[in-house]
Amino acid sequence: MNPESYVVLACVLFTLGAIGVLVRRNAIVVFMSIELMLNAANLAFVAFARMNGNLEGQVIAFFVMVVAAAEVVVGLAIIVTIYRSRRSASIDEPNLLKY
Amino acid sequence: MNEMMPTPEIDYLPLLPMIIVAAAAVIGVIVEAFAPRRARRPLQLVLAFGSLIGAFAALVWQSGVRSTEVEGAVVIDGPSVILQGIVLLLAIVAALLISERTLDPAGDAFAPRASALPGSEDERQFTSRGYLQTEVWPLFLFSVLGMMLFPAANNLLVMFVALEVMSLPLYLLAGMARRRRLLSQEAALKYFILGAFSSAFFLFGSALTYGYAGTIQFSGIAEALTAQPGRSALLVGGLALIGVGMLFKIGAVPFHQWVPDVYQGSPSPITAFMAAAVKVAAIGALLRVLYVAFGGIRWDWQFMLWVIAGLTMLVGSIVAISQSDIKRMLAYSSIAQAGFILVGVSAASQAGLDASLFYLIAYGFTTMGTFAVVSLVRDSTGEATKISQWAGLGRKSPVLATCFAIFMLALAGIPLTSGFVGKFLVFEAALAADAIVVVLIGVLASIIAAFFYVRVIVVMFFSDPPEDGPSVVIPSAATTLALAISVAVTVILGVLPQPVLDLIEQAGVFLG
């Protein structure tokens, strides 16, 4: 299997994630889209590791997983707090800070 | 397969400052888990101040070392020592502000329990019992650790990890304000979503760069640039995405939308810390990425950075004029200041590096001081942040208003303040790089900015105080000391900048 196709797939996934962040309105879904972007980067790292013939990319993928897990902890804590005080996880509703 | 893996040689001494802060942060978490409630605050204070001062002492002790450590992952060179020193000093001042608990009758600036619903019975009980959220301290120390590692990272992976270690605690800290909790939580959500979005861009950019160069080491990327001349989509895309991630943290236009919301909603001591120290760390990291890894294609990024610096200065200055909230105005001012620093960065020369470092010191302490003043002007609902409420402050509290006036003049770049020397140096560096247009835009933006800085001074000194205006709280020793340090640095760097300039010049260049 040609590793270049995986790079293309990673780019597609990254773009889908970015579009998801921009158009979805539920904070959880937005957050999942961000995770999709991180995992797209992981896929790109692993595919490039194969193409470059070294292990760095695969090692990076492990680090990114740990960082993504930490991000989930922080992100869900914030989203749950917002949900409890507003009874909604929409990212359009908190709009007190403007102008 | 029975061969032993060679163990990496690590010289721990140059890394000692970071190790001290990391250890204190971890011990802080253990204190939170096991120490009795009454003992937590004193223990955390000892840990935080002890580790920050200890780390600074270790940094000074090891400041002569120039080396790459941990298999080339972390580099200790002149600029990184200077940047770590600035971060530590700013963190000490920020810790003084965070430790303050006499301003609010109910306690410090943080919610007694961030998990309690705003306005609920639980929250009232926690407040009346005088609970304090001491988890703030370990989070703060982890963030400082990230900021120290960020400009010292020598490959894209360490840089990404440092970016997250710096940011994740800040997302939480932004949402912990005691007053106006819905605003604070909203700030945390916005900061988190956009921050995570931008770090994903940084990571994907790193992946593309790795695909181009076959390595994530900055020196390796620089070698690949000379070995394979010509532009590839991977290289350009990687650099652009990495740039997006870093410019977001700096708050440059067009990635600045989060700055006013987050600065306004966060507790003021955290805003001060964010505005000052994050910018120092992120500019330091941006300098390293651009100068060390992508120095070979400087002609490609320099023009783009000029455009961004010009836009950032103009948008920040112009939008700040129309602000009626002092924290939002300071947020837009910090966007404009980021633009001035980027002018120094985009000069792509040793002079540009030195000018940016000096500007960061000047800007960091002045910003710290402005938010310290903001935290002192209060009414019954908390901080009084409407600029109209500040009318007549100069009569009520001449000392405080004078301090704020000095900070405003420094941010506007009036001679005899640190801001003037900083602006002079970055414009000089940009002129040496033939960026006349950018310098003209910078001068224009300074004039526009001077308008709203001076307007605050006029409101404070030349208008009558309103009947039900806010009162100025007499701070405890901690905030007084923080203010005194900020004023002293702002004035001394303006009158006698030479010793600091010499220090920066001696620090020298980035290690490849």
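The structure this text deals with has already been given above.
Quick caveat: nothing in here was measured; it's all calculated off a predicted structure.

Undergrad: Provide a residue-level description of the nonpolar core, including the pertinent values.
TA: Membership of the largest hydrophobic core comes to 233 residues, with the highest contact counts inside it found for A41 of chain A together with V87 and F204 of chain B. Ranked by residues supplied to this core, first place goes to helix 11 (residues 268-293) of chain B with 20 residues. If we ignore the near neighbours within four places in the chain, the residues touching V87 of chain B are V144, M147, M148, A277, V280 and A281 of chain B.

Undergrad: Provide a residue-level description of the sheet that holds strand 4 (residues 382-383) of chain B, including the pertinent values.
TA: All names here are of chain B. Taken together, the three strands give an open sheet; going across it, the order is 4-3-5, and neighbouring strands pair in antiparallel fashion. Two strands in the sheet have a free side with no partner beyond their single neighbour: strand 4 and strand 5 (471-472). Here two bridges tie strand 3 (residues 377-379) to strand 4, and the two strands are oriented antiparallel to one another. Each residue of the ladder has a partner; that of D379, found in strand 4, is G382.

Undergrad: Describe the interface of chain B and chain A, and please don't skip the residues or the numbers.
TA: Contact residues are listed per partner, giving 34 residues for chain B and 37 residues for chain A. Those elements that place two or more of their residues in the side of chain B that touches chain A are helix 6 (156-174), helix 7 (181-213) and helix 10 (258-265) of chain B. Sorting elements by how many residues they give to the side of chain B that touches chain A places helix 7 of chain B first, with 17 residues. A per-class count over the side of chain B that touches chain A returns 23 nonpolar, eight polar and three charged.

Undergrad: Please set out unusual backbone geometry residue by residue, giving values where relevant.
TA: Leaving glycine out, the prevailing phi sign among residues is negative, and the prevailing peptide bond configuration is trans. Residue and element names in this part refer to chain B. Of the consecutive residues V253 and P254, the connecting peptide bond is found in the cis state with omega at 5°. A positive phi is found at A348, a non-glycine position, where the angle reads about 55°. With respect to the helices and strands, A348 occurs in the loop between helix 13 (326-346) and helix 14 (350-374). Classification of A348 by C-beta neighbours within 10 Å gives buried; the count is 22.

Conventions used here
Residues numbered from 1 in each chain as written. Chains lettered and ligands numbered in written order. Predicted model: local features only at pLDDT ≥ 70, side-chain atom pairs only at ≥ 80, totals over all residues. Core = buried A, V, L, I, M, F, W, Y, C linked by C-beta atoms within 7 Å. Buried ≥ 20, exposed ≤ 12 C-beta atoms within 10 Å, placed from the backbone. Helix = DSSP H or I, 4+ residues; strand = E, 2+ residues; numbered from the N terminus. Contact = placed C-beta atoms within 7 Å. Pairing = 2+ DSSP bridges. Nonpolar A, V, L, I, M, F, W, Y, C, P; charged D, E, K, R; others polar.

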